[in-house]
Every structure is written in C-alpha cells, then in structure tokens.
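Examining the three-dimensional arrangement
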Amino acid sequence: MRIGELAAAVGVTTRAVRHYHHQGLLPEPERRANGYRDYTLRHAVVLARIRRLTELGLGLAEVRDVLAEDAGKDLVEVLGELDADLARQEAAIRERRARLKALLDIKGGLPAEGPVSPRLAALFRDMSQVTDSPMAAKDRELLALIETAAGDETGEAVMAALGDALAVPGGQERALAAYALLDDLADADPADPRVDEAARALVDCLPRGVLPETLENDSDDSFLRAFYADFPPAQAEAVRRALALITEQG
C-alpha cells in the first residue's frame, strides 16, 4: 500500500502517518525501487491501534509505552490512569458549571466588577446608592481583589461582616458619608483638616477583624505601597490614618 491508501484505510490523514513515523510510533516500511514506501497489513494494524488509543485520550508518549509492551500487559494500567484522570476532569467541570450557574442566577445580574461571589454581588447591590462615587467604585474593585486573594473561607467571612455592617441601622448612611468625604479629598492636600474627619468616618464604617493583615500592617511592604499609590495623596493619607486607628483599637 502507498501512504495515501494506508491513511484512507485506517481513517487518518497522511500527515498523521508521517507524524507517527517521526515520533517513532509507526515503523518505517520498506521502500520500493521507485522510492515509495510500501506499507503492509501489519502497518495498518498498528496504525489502527494508535488511532483507537489516541481517541481514548492517551498522549503519544503513553501510546508509545503501550505499543512497547509485546503482550499489551501495560494497557490496563494506562487506561486505568486515564479513567481516573477523566473522572477528576469530570468533577472539576461539574464544580465549574455549578459556580457558573450560581453567577448566572445572581439577582440583578453580574456587577461590572464580576465575576464575583453571589455574596459580594449582594453587597454591591447594597452599595448601589453610591454608584456615582469614584471612591465607591475603587472600593468595589478592592473588595473583589480581597475576595480573590483571601480565599473562599476568609473572603466569605469578610463579605459577610461588611454586609452586616451595611445592614445595621445607619450603616448605609455612614458609608455614604465616608465616600462623600473621601471623594472631596481627591484634589486636596494631605495636611487638609478634612483628612482626619474622613479617616474617622471610614473607621466607623469598617467592622473590626475583617481587614487583611497586609493592609493593617503599615510596613515597608510592596503591596501596601502599591495600595496607597492607587489613591490621590489626601485620600491615601485618610486611608492610612484609618488603618492606623483600627490597629490601635485592636
């Protein structure tokens, strides 16, 4: 058989046949006097087996290991490992689909900062009165970052505490007032007396024990430097003073 006839008989492309030769999976056949490869039935049998194994999901290195065993005694072990790997992938896909369903079922739709957890999306809805506040928009971005970096359990606790703080009488009003004070500092000097007022207002909004340690520890930390650098100078000073007050209060 010529290479095209072999490929057609087994249902693969001639390019695949050449690739299997290159990978050492399919033995090179004898060549005729005219230089053309002369494939035998044995080549078709091996090629068909390669096709079946790859269609099961085996990589070419695994196919090579299976073909190297004369009696095929390694095949059961290889297929068992493949089955276990597919089971893990299947479980991961189920988990991802469950998370996607939870996101798609969020009441009111996904926020602009999404995808976020349903709890954080609910928290953003509670903050919807301040959608025109630049500081509130920055705060939502930071909360999405905290949720991602903190991990599921810690992030859930932080969002629950913040949601409870907004839910208490006067909670949303205090948040609105703090955002307004911070927005007013966008072009102010760090020595502006309103900085202390904004810091105290921010402290009144934040529940204790929910801030990441990285933000509470005012050290020469690269993340902390980047955090403060994201704010105008007066706003950064207000946030710095608020975190210092929270740390002092324990």
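Residues numbered from 1 in each chain as written. Predicted model: local features only at pLDDT ≥ 70, side-chain atom pairs only at ≥ 80, totals over all residues. Heavy atoms only, no water.

**A short note on the overall build of the chain**
- Within the chain one finds 13 helices and two strands.
- A burial count over the chain gives 36% of its 250 residues as buried.
- Partitioning the intrachain contacts of the chain with sequence separation of at least 6 by distance along the chain shows that 54% fall at a separation of at least 24.
- Surface summary for the chain: the accessible area is close to 15,100 Å², and the carbon and sulfur share equals 52%. (Helix = DSSP H or I, 4+ residues; strand = E, 2+ residues; numbered from the N terminus. Buried < 20%, exposed > 50% of the residue type's maximum accessible area, 1.4 Å probe, protein only. Contact = heavy atoms within 4.5 Å. Areas by Shrake-Rupley, 256 points an atom, 1.4 Å probe, with all protein chains shown as cover.)

**Quick notes on the side chain of Arg 37**
- Tracing the backbone shows Arg 37 in strand E2 (residues 37-38).
- Within the structure, the side chain of Arg 37 is placed 3.0 Å from the side chain of Glu 28, a separation counted as a polar contact. (Polar contact = N/O pair within 3.5 Å; in protein donor to acceptor, adjacent residues only side chain to side chain.)

**Regarding the nonpolar core**
- Among the nonpolar cores identified, the biggest contains 41 residues, and Leu 120, Met 159, Phe 227 and Val 239 are the most heavily contacted of them.
- Mapped by element, the contributors of at least two residues to this core are helix H6 (118-126), helix H7 (134-150), helix H8 (152-167), helix H9 (171-184), helix H10 (194-205), helix H12 (222-229) and helix H13 (233-249).
- Excluding anything up to four places from it in sequence, Met 159 contacts Arg 119, Leu 120, Leu 123, Leu 143, Ile 146 and Glu 147.
- Judged by nonpolar contacts, the second largest core, of 22 residues, contains Leu 6, Val 46, Leu 58 and Leu 82. (Core = buried A, V, L, I, M, F, W, Y, C linked by side-chain atoms within 4.5 Å.)

**A look at the pattern of salt bridges**
- Overall, the coordinates contain 10 salt bridges when judged by the stated rule.
- Taking the shortest distance from any N to any O, the salt bridge between Arg 32 and Asp 38 comes out at 3.6 Å.
- Its salt-bridge partner being Asp 196, residue Arg 241 comes within 2.8 Å of it at the nearest N-O pair. Placement of the pair is Arg 241 in helix H13 and Asp 196 in helix H10, with a sequence separation of 45 residues.
- When its relative accessible area of 26% is taken as the criterion, Arg 241 is described as partly exposed.
- In this structure, a network of salt bridges that share partners links the residues Asp 196, Glu 237, Arg 240 and Arg 241. (Salt bridge = Lys/Arg side-chain N within 4 Å of Asp/Glu carboxyl O.)

**Observations regarding the environment of Thr 14**
- Tracing the sequence through the fold places Thr 14 in helix H2 (residues 14-22).
- Distance in space between the C-alpha atoms of Thr 14 and Ile 3 is 6.4 Å, their sequence separation being 11 residues.
- Setting aside its immediate chain neighbours within four residues, Thr 14 contacts Ile 3, Gly 4 and Ala 7.

**Considering the packing of aromatic side chains**
- In the structure shown here, the tally under the stated rule is zero aromatic pairs.
- A cation over an aromatic ring shows up here: Arg 2 above the ring of Tyr 36, its NZ or CZ 3.9 Å from the ring centre.
- When the ring centre of Tyr 228 is taken as origin, the NZ or CZ atom of Arg 240, which lies over that ring, is 4.2 Å away. (Phe/Tyr/Trp six-rings, centres within 6.5 Å; stacked < 30°, edge-to-face > 60°. Lys NZ or Arg CZ within 6 Å of the ring centre and 35° of its normal.)

**Details of a negative patch on the surface**
- Taken together, the side chains of Glu 62, Asp 65, Glu 77 and Glu 81 present a region of like negative charge at the surface.
- Elements with a minimum of two residues in the negative patch: helix H4 (60-68) and helix H5 (75-104).
- Within the secondary structure, Asp 65 is located in helix H4. (Patch = residues over 30% accessible without salt bridge, like charges linked within 9 Å, V, L, I, M, F, W, Y side chains within 5 Å. Lys, Arg positive; Asp, Glu negative; His and termini not counted. Charge placed at Lys NZ, Arg CZ, Asp CG, Glu CD.)

**Focus: H7**
- The first and last C-alpha atoms of H7 sit 24 Å apart over 17 residues, in line with the 24 Å expected at 1.5 Å per residue.
- Every buried residue belonging to H7 is among Met 135, Ala 136, Arg 140, Leu 142, Leu 143, Ala 144, Ile 146 and Glu 147, and all of these are buried. (Expected span 1.5 Å × (residues − 1).)

**Details of the confidence of the model for the chain**
- For the chain, per-residue confidence averages 81 on the pLDDT scale, and 85% of positions sit at 70 or higher.
- Averaged over each element, pLDDT in the chain is lowest for helix H11 (residues 213-216) (52) and highest for H2 (94). (pLDDT = per-residue confidence, 0-100.)

**Things to note about helix H1 (residues 3-10)**
- Considered for burial, the residues of H1 that qualify are Ile 3, Leu 6, Ala 7 and Val 10. Down the axis of H1, the smallest arc covering the buried residues is 95 degrees, so these residues share one side. Seen from the buried face of H1, the exposed residues on the opposite side, beyond 90 degrees, are Ala 8 and Ala 9.
- Structurally, H1 contributes buried residues whose contacts are with H2, E2 and helix H3 (41-55). (Arc of directions from axis to C-beta.)

**So, the side chain of His 21**
- Among the structural elements, His 21 can be located in helix H2.
- Within the structure, the side chain of His 21 is placed 2.8 Å from the backbone oxygen of Leu 26, a separation counted as a polar contact.
- For His 21, the side chain forms a polar contact with the side chain of Tyr 39, separated by 2.7 Å.
- The residues contacting His 21, other than those within four sequence positions of it, are Leu 26, Pro 27, Glu 28, Pro 29, Arg 37 and Tyr 39.

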